[in-house]
Amino acid sequence: VGEMETAPKPGRGVPPKKDKLQTKRKKPRRYWEEETVPTTAGVSPGPPRNKKNRELRPRGAKSTHILKKSRISKKPQVQKKPREWKNPESQRSLSGAQDPFPGPAPVPVEVVQKFCRIDKSRKLPQSKAKTRSRLEVAEAEEEETSIKAARSELLLAEEPGFLEGEDGEDTAKICQADIVEAVDIASAAKHFDLNLRQFGPYRLNYSRTGRHLAFGGRRGHVAALDWVTKKLMCEINVMEAVRDIRFLHSEALLAVAQNRWLHIYDNQGIELHCIRRCDRVTRLEFLPFHFLLATASETGFLTYLDVSVGKIVAALNARAGRLDVMSQNPYNAVIHLGHSNGTVSLWSPAMKEPLAKILCHRGGVRAVAVDSTGTYMATSGLDHQLKIFDLRGTFQPLSARTLPHGAGHLAFSQRGLLVAGMGDVVNIWAGQGKASPPSLEQPYLTHRLSGPVHGLQFCPFEDVLGVGHSGGITSMLVPGAAEPNFDGLESNPYRSRKQRQEWEVKALLEKVPAELICLDPRALAEVDVISLEQRKKEQIERLGYDPEAKAPFQPKPKQKGRSSTASLVKRKRKVMDEEHRDKVRQSLEQQQQLQQKKEAKTKPTGAWPSALDRFVR
């Protein structure tokens, strides 16, 4: 039997055969990569091993030892982070060109300050380290948010409209027919007249999105429609006098102040509620962020109704007789009431007394309006005076104008235009911008109607003024009245039914409590130092000691044999002496400062030096 040939073992100098699957294929070279040059002539370099790590980490010496996790000690040895090697060619594009303006584009400081909401100059007194760190994080987040908002302002493509006359031409002489002829077809369709003389005079109200219009006549006619497409939603006759009408949080619900009680209807004209606790209502105002319907009645009561739960939050007696002049401040949700004694009172549901009272006119107040920023208030009275007041704490009149017949109705637009209804004439005044008060010297536009004015309101996000009068409804074109860009998440005129339902749920979750309505909403984010100190005193009296007081020093025991009673007492006395020295040093510094102030007051300024001054101590 012949001997079988045995295969040689790989450990005896015979190289093992390479498996075809284990061999790595050569990576194809792209046209933008550099060709690898062989190290030695005639020898082709092998495939690159871990090319990413070789590019990121510099080559080290062969003797370098890589630290590994120790098997003896439980703590792993920390390996130093290798320095990354930045390839300058990686910043270039494929074509080899470099960005001439690297990084984000700079944002002007003025634009950022327009979106800034935190006043960094005001610091929290005696704030703890944890509170201070939270404030710093909040300030950093707010600064980043304001920068993002300033950058996104470039995406607002629409610009506000304007009306300019020719050289020396007065814009008040331009009539509505000339404006309709000059604008495009879509804008011209927004000017219309509804001849409803049979059921007038009319009160009207636009929805928050500016898409729907509701109006009610004195003889019981109530209707709601999509005024852009002229599609009628509902039309009913309540067979009772209608004094005011308001949309609630959406165009699906409608509040109508009828002769006797307050009624709630849906957009199909079906009566949903009859609120008998709100009787003989004359004016309505809806606070959208609080879901509150404010009603003013003939009996002199101001009532707040929470429409989300159907409960009356507050019923306040103004003690000023019949209430038929009411307006809301969109900035802080404070209700302004005009009275027959010439005063305007400011109300909040959290207070039984008015927040402020302003004496505006010598006669009774006929109309009140507040601009969208909450800065200016316009009033008109029986003394034929039209005044604009500053609401930023001073409540002083900024300008006044005497009108021939007096203004019975006032309204502000989103960009600060002021409209006044005087009989059958409508006058509009414009200012320098949104944050500036309107100039009462010369009117911006003038229009004459077919009957006396009974209601005024500017349409949100449209350069349109709706006027309700004894002859029906008139829609006027007022260039530059509204904001050109809207927030699609808050007030979207083109939202669908599903989007409206989702927005309603979100708005209910974010509802602001009625107790937070005050004159300055920024005060809610501040710390009430006086109340904090009073609460601390009451806590000390109740407990008998101050829980936040500094605990007395207790020395910790040291090693064996070094913590005797004498050494503990010595260390405790040393700390007490240091604290006593600090107190004495502070008291001496305060006494020196008081002495210097007294000397500065007693010593006459500008006096000649005397030789006896050397003895003064």
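Residues numbered from 1 in each chain as written. Predicted model: local features only at pLDDT ≥ 70, side-chain atom pairs only at ≥ 80, totals over all residues. Heavy atoms only, no water.

## Quick look at the nonpolar core
Among the nonpolar cores identified, the biggest contains 33 residues, and Phe 215, Val 426, Ile 428, Leu 465 and Val 478 are the most heavily contacted of them. Secondary-structure elements contributing two or more residues to this core are strand E2 (202–206), strand E3 (212–217), strand E4 (221–226), strand E24 (425–429), strand E26 (453–458), strand E27 (464–469) and strand E28 (472–477). If you look at the next biggest cluster of nonpolar residues, it comprises 29 residues, including Ala 296, Leu 346, Ile 358 and Ala 514. (Core = buried A, V, L, I, M, F, W, Y, C linked by side-chain atoms within 4.5 Å. Buried < 20%, exposed > 50% of the residue type's maximum accessible area, 1.4 Å probe, protein only. Helix = DSSP H or I, 4+ residues; strand = E, 2+ residues; numbered from the N terminus.)

## Notes on the pattern of salt bridges
By the definition in use, this model includes 18 salt bridges. For Arg 319, the salt bridge identified is with Glu 353, shortest N-O distance 3.7 Å. Here the residue Arg 319 occupies a position in the loop between strand E13 (311–317) and strand E14 (326–328), and Glu 353 occupies one in the loop between strand E16 (343–347) and strand E17 (356–359), the gap between them amounting to 34 residues. Note that Arg 448 and Asp 424 form a salt bridge whose closest N and O atoms lie 3.4 Å from each other. Of this pair, Arg 448 sits in strand E25 (residues 445–448) while Asp 424 sits in the loop between strand E23 (418–422) and E24, placing them 24 residues apart in sequence. Residue classification places Arg 448 among the exposed positions, given a relative accessible area of 57%. One continuous salt-bridge network, built from bridges that share partners, spans Arg 203, Asp 244, Arg 246 and Glu 285. (Salt bridge = Lys/Arg side-chain N within 4 Å of Asp/Glu carboxyl O.)

## With respect to the UniProt feature "repeat: WD" (unreviewed entry) in the protein
Per the UniProt record, "repeat: WD" (unreviewed entry) is found at residues 358–392. The span residues 358–392 is 0% helical and 57% strand by assignment, and the distance between its end C-alpha atoms comes to 13 Å. (UniProt positions renumbered as here; feature names shortened; annotations may be inferred.)

## Details of the sheet that holds E14
Across the sheet, 4 strands lie side by side as E14-E15-E16-E17; this open sheet has antiparallel pairing. The open sheet has two edge strands with one neighbour each: E14 and E17. Along the sheet, successive strands turn relative to each other by an average axial angle of 20°, direction set aside. (Pairing = 2+ DSSP bridges. Axes fitted to C-alpha atoms, helices over the stretch in contact; angles between N-to-C directions.)

## Some details on empty space enclosed by the protein
Evaluation of the coordinates by the stated rule reveals 1 cavity of 30 Å³ or more. Forming the walls of the largest cavity are Ser 207, Arg 208, Thr 209, Leu 248, His 249, Ser 250, Glu 251 and Arg 495. Its residues assigned to classes, the lining of the largest cavity comprises 1 nonpolar, 4 polar and 3 charged. (1 Å grid on protein atoms, 1.4 Å probe; cavity = no way out; pocket = protein on both sides within 12 Å on 5 of 7 lines; lining within 4 Å. Points joined across faces, edges and corners; volume = space filled by probe spheres on them. Nonpolar A, V, L, I, M, F, W, Y, C, P; charged D, E, K, R; others polar.)

## A short note on the environment of Pro 443
Within the element layout of this structure, Pro 443 appears in the loop between E24 and E25. When the C-alpha atoms of Pro 443 and Ala 172 are compared, they prove to be 6.1 Å apart, with 271 residues separating the residues in sequence. Apart from residues no more than four positions distant in its own chain, Pro 443 is found in contact with Asp 170, Thr 171, Ala 172, Ile 428 and Trp 429. (Contact = heavy atoms within 4.5 Å.)

## Here's the deal with the pairing of E23
With 5 of 5 residues buried, E23 lies mostly within the body of the structure. Across the two faces of E23 the burial is the same, with Leu 418, Ala 420 and Met 422 and Val 419 and Gly 421 all buried. A loop of 5 residues connects strand E22 (residues 409–412) with E23, the two strands running antiparallel in sequence, and Gly 416 in this loop sits at a positive phi of about 90°. Across 5 bridges, E23 lies against E24 in antiparallel orientation. Looking at the pairing, Leu 418 lines up with Trp 429 of E24. Here E23 folds back onto E24, and the loop between the two strands holds 2 residues, one of which, Gly 423, carries a positive phi near 70°.

## Remarks on unusual backbone geometry
Put simply, Gly 200 and Pro 201 share a cis peptide bond, and its omega is 0°. Take Pro 201: it is sitting in the loop between strand E1 (192–195) and E2. With a phi angle near 60°, Ala 333 is a residue other than glycine that sits in the positive phi range. With respect to the helices and strands, the residue Ala 333 is situated in the loop between E14 and strand E15 (335–338).

## Some thoughts on the pairing of strand E7 (residues 253–258)
Most of E7 is tucked away, with 5 of its 6 residues classed as buried. Relative to E7, strand E6 (residues 242–247) runs antiparallel, the two being bridged by 5 bridges. Looking across to E7, one finds that Val 242 is bridged to Gln 258. Here E6 hands over to E7 after 5 residues, the two strands then running antiparallel side by side. Relative to strand E8 (residues 261–266), E7 runs antiparallel, the two sharing 5 bridges.

## A look at the environment of Asp 390
Among the structural elements, Asp 390 can be located in strand E20 (residues 385–390). Since its relative accessible area comes to 10%, Asp 390 is described here as buried. Remark: the alpha-carbon pair of Asp 390 and Thr 375, spanning 15 residues in sequence, is separated by 6.0 Å. Among the polar contacts made by the side chain of Asp 390, one reaches the side chain of Arg 392 at a distance of 3.0 Å. (Polar contact = N/O pair within 3.5 Å; in protein donor to acceptor, adjacent residues only side chain to side chain.)

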